[in-house]
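What follows is each chain in one-letter form.
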Amino acid sequence: LPTLIRKKRDGERLEEGEIRSFVRGVTEGTAQEGQIGAMLMAIRLRGMDGGETLALTRAMAASGRALAWPPAWRGLLVDKHSTGGVGDKVSLALAPALAACGCKVPMISGRGLGHTGGTLDKLEAIPGFCVTQSPEQMRSILERVGCCIVGQSEELAPADRVLYGLRDVTATIDSLPLVTASILSKKAAEQLSALVLDVKFGSAALCPTQDSARELAQSLVWVGERLGIRTVAVLSRMDEPLGRCVGNSLEVLEALECLEGGGPPDLRELVTTLGGLLLWRCGLAGGAPQGRERLCRALDDGSALRAFEAMLGAQGVPPATARHLCTGTPEQRRGVLGQASVCEELPALRGGWVQRVAALPLARVLQELGTGRARAGDTVNPRVGAELLVAAGQRVRAGT
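Just so it is clear, the structure is predicted and the values come from calculations on it, not from any experiment.

1. Digging into the overall build of the protein
Piece 1. Across its full length, the protein carries 17 helices and 9 strands.
Piece 2. Over its C-alpha trace the protein gives a radius of gyration of 21 Å, about what one expects of a compact globule, namely 21 Å for 400 residues.
Piece 3. Considering only C-alpha atoms, the protein reaches an extent of 65 × 50 × 35 Å along its principal axes.
Piece 4. Burial statistics for the protein: of 400 residues in total, 53% are counted as buried.

2. Topic: the sheet that holds strand β1 (residues 78-82)
Piece 1. The parallel open sheet is built from 3 strands, whose spatial order is β1-β4-β5. Across the chains shown, the open sheet's two edge strands, defined by having one partner strand only, are β1 and β5 (230-237). Between one strand axis and the next, the sheet turns through 15° on average, direction left out of account.
Piece 2. Bridging between β1 and strand β4 (residues 194-201) involves 5 bridges; their strand directions are parallel. Bridged to K80 within β4 is V196.

3. Brief notes about the environment of G29
Piece 1. As for its placement among the helices and strands, G29 is situated in the loop between α2 (16-28) and α3 (33-46).
Piece 2. We classify G29 as exposed; its relative accessible area is 55%.
Piece 3. Sequence separation of G29 and V162 is 133 residues, and the distance between their C-alpha atoms is 9.7 Å.

4. Observations regarding the packing of aromatic side chains
Piece 1. Counting across every chain of the model gives 1 aromatic pair.
Piece 2. For the cation-ring pair, R281 lies above W280, with the distance from its terminal atom to the ring centre recorded as 5.4 Å.

5. Observations concerning the state of the cysteines
Covalent bonding between the sulfur atoms of two cysteines defines a disulfide.
Piece 1. Taken as a whole and assessed by the stated rule, the structure comprises 0 disulfides.
Piece 2. In this structure C103 is a free cysteine whose sulfur lies 4.0 Å from that of C282, the closest cysteine sulfur available.
Piece 3. By relative accessible area, which is 2% here, C103 ends up buried.
Piece 4. Cysteine C130 shares no disulfide, and the gap to the nearest cysteine sulfur, in C148, comes to 11 Å.

6. Thoughts on the UniProt feature "domain: Glycosyl transferase family 3 N-terminal" (unreviewed entry) in the protein
Piece 1. The feature "domain: Glycosyl transferase family 3 N-terminal" (unreviewed entry), as given by UniProt, occupies residues 3-64 in the numbering adopted here.
Piece 2. Between the C-alpha atoms that bound residues 3-64 the distance is 26 Å, and the span itself is 74% helix and 0% strand.

7. Some thoughts on the packing of helix α15 (residues 319-327) against helix α16 (residues 330-337)
Piece 1. Axis separation between α15 and α16 bottoms out at 7 Å; the angle between their running directions is 135°. Between α15 and α16, the crossing angle belongs to the class labelled oblique. For the crossing formed where α15 meets α16, the hand is left-handed. Taking contact as the criterion, the partners of T321, H324, L325, C326 and T327 in α15 are, on α16, Q332, R333, V336 and L337.
Piece 2. Here the residues of the contact of α15 with α16 are counted per class, giving 4 nonpolar, 4 polar and 1 charged.

8. Some points on α3
Piece 1. Here α3 spans 20 Å end to end across 14 residues, near enough to the 20 Å set by a 1.5 Å rise per residue.
Piece 2. Buried within α3 we find Q35, I36, G37, M39, L40, A42 and I43.
Piece 3. The secondary structure elements touched by the buried residues of α3 are α1 (2-9), α2, α8 (158-169) and α9 (176-189).

9. What about the pairing of strand β2 (residues 105-108)?
Piece 1. In β2, alternate side chains face the same way, and those of V105 and M107 on one face and P106 and I108 on the other are all buried.
Piece 2. Where β2 lies against strand β3 (residues 147-150), 4 bridges are found, and the strand directions are parallel. Looking across to β3, one finds that M107 is bridged to I149.

10. Some remarks on the pattern of salt bridges
Piece 1. Taken as a whole, this structure holds 25 salt bridges when the rule is applied.
Piece 2. Residue E136 pairs with R65 through a salt bridge whose shortest N-O separation is 3.2 Å. You can see E136 sitting in helix α7 (residues 135-144) and its partner R65 sitting in the loop between α4 (50-61) and β1, a full 71 residues away along the chain.
Piece 3. Across the salt bridge formed by D239 and R237, the nearest N and O atoms sit 2.7 Å from each other.
Piece 4. Each of R65, E136 and E155 takes part in a single network of salt bridges with overlapping partners.

11. A look at empty space enclosed by the protein
Piece 1. All told, the structure shown has 2 cavities of 30 Å³ or more when counted by the stated rule.
Piece 2. Within this model, the largest cavity holds a volume of roughly 150 Å³.
Piece 3. Taken together, 20 residues line the largest cavity, and the ones lying closest to its centre are H115, T116, G117, V246 and T371.
Piece 4. When contributions to the lining of the largest cavity are tallied by element, the ones reaching two or more residues are α6 (119-123), α11 (248-259) and α17 (359-369).

12. Focus on α9
Piece 1. A rise of 1.5 Å per residue sets the reference length of α9, with its 14 residues, at 20 Å; its end C-alpha atoms lie 20 Å apart and thus fit the reference within 8%.
Piece 2. Most of α9 is tucked away: 13 of the 14 residues are buried.

13. Comments concerning unusual backbone geometry
Piece 1. We note that A157 has phi near 45°; this positive angle belongs to a residue other than glycine.
Piece 2. Inspection of the secondary structure puts A157 in the loop between β3 and α8.

14. Some details on the domain arrangement of the protein
Piece 1. For the protein, the assigned domains are domain 1 (1-47), domain 2 (71-324) and domain 3 (342-396).
Piece 2. The straight-line distance from the C-alpha centre of domain 2 to that of domain 3 is 23 Å.
Piece 3. Between domain 2 and domain 3 the total buried area reaches about 1,600 Å² when both faces are included, carbon and sulfur atoms providing 57% of it.
Piece 4. Here domain 2 is connected to domain 3 by 0 salt bridges.
Piece 5. One can count 5 residue pairs in polar contact (both at pLDDT 80 or more) joining domain 2 with domain 3.
Piece 6. Counting residues per element, the ones that place at least two in the side of domain 2 that touches domain 3 are β6 (245-246) and α11.

Reading guide: rules and limits
- Residues numbered from 1 in each chain as written.
- Predicted model: local features only at pLDDT ≥ 70, side-chain atom pairs only at ≥ 80, totals over all residues.
- Heavy atoms only, no water.
- Helix = DSSP H or I, 4+ residues; strand = E, 2+ residues; numbered from the N terminus.
- Rg over C-alpha atoms; globule rule 2.2 N^0.38 Å.
- Buried < 20%, exposed > 50% of the residue type's maximum accessible area, 1.4 Å probe, protein only.
- Pairing = 2+ DSSP bridges.
- Axes fitted to C-alpha atoms, helices over the stretch in contact; angles between N-to-C directions.
- Phe/Tyr/Trp six-rings, centres within 6.5 Å; stacked < 30°, edge-to-face > 60°.
- Lys NZ or Arg CZ within 6 Å of the ring centre and 35° of its normal.
- Disulfide = S-S within 2.5 Å.
- UniProt positions renumbered as here; feature names shortened; annotations may be inferred.
- Parallel < 35°, antiparallel > 145°, perpendicular 65-115°, else oblique.
- Left-handed = near helix turned anticlockwise from the far one by under 90°.
- Contact = heavy atoms within 4.5 Å.
- Nonpolar A, V, L, I, M, F, W, Y, C, P; charged D, E, K, R; others polar.
- Expected span 1.5 Å × (residues − 1).
- Salt bridge = Lys/Arg side-chain N within 4 Å of Asp/Glu carboxyl O.
- 1 Å grid on protein atoms, 1.4 Å probe; cavity = no way out; pocket = protein on both sides within 12 Å on 5 of 7 lines; lining within 4 Å.
- Points joined across faces, edges and corners; volume = space filled by probe spheres on them.
- Domains from an automatic or database assignment.
- Buried area = accessible area lost by both parts, 1.4 Å probe.
- Polar contact = N/O pair within 3.5 Å; in protein donor to acceptor, adjacent residues only side chain to side chain.

Take a look at the structure:
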């Protein structure tokens, strides 16, 4: 291992067998933490070419078990990954909408860390929802419902769990090959047919500029295609929150509005764009525009909402709770999720035009109040959040 670290430190290319050897050491525990950290830093500083990144992704995917699906599902298995943002509740609406269109969606999601929210935290705001499902349970849920949203199991890409934890504490989070391999190793283990990537850029995103987001998107698509996954990426701006609500319970309520055919226009646009691309890439639509129309119909005719209710039931939510949440009044929905003990309105200090709503400071304030984690393992308060009552371009009076 010291020889491989030295080789990468000096800017040389690692062979596929050498990369497999490194990942094996990570998985089996024979590589010391200091050695892994040194290799991560060497990769961060010296980079990896496409072939090395592909080899790293394959080795990480092969470090655990791969999910197995019935042959009849071939071509229909799809997933989506977002690089993280503020108010991003897309997965909650997209997975059931895709299931309503005939896809199988074994969505493996993550928790929030820092200022970015996590899909699993949002779903756990719903009483009874269980994100821990074995591969066998996932298959059963997909047979009955068509979609599930779960956490990464111990058996899936275990090398990624080790590397991800160390990237956080070694300042190597933003390494292009490491980000690419981390995202796609889990997707490769899912045995997907098609994948859509929402790569965000802006002041509240992992990629600060559109150019850096494009570079990451190109890396992800290049490696994804060579793994045999039909991969497509969308670049989306993350300077302002997505939708009007930020915070776990509030974002569930807003996702339900989207599943009823309403909700904020920017949320619906992103859900239908990503979903339309997936329906096209897996062959259920002739092109992205036709896929988008089909996904819009699933949101508007109630079939996506019914799939969401079925997924809640399959993942542990009591039937009465799921029914009140999906078909109840706004008061019943808030009754299921609960409300914050303190609710404060913030009036405009003076009149004028709203120029922008800055996502990052808003998210950081809410994180301090309990929506997010400073480190893995911290607890979150699902009832903390903010509802934005104004938007950029709107005129306000003092006291509004």
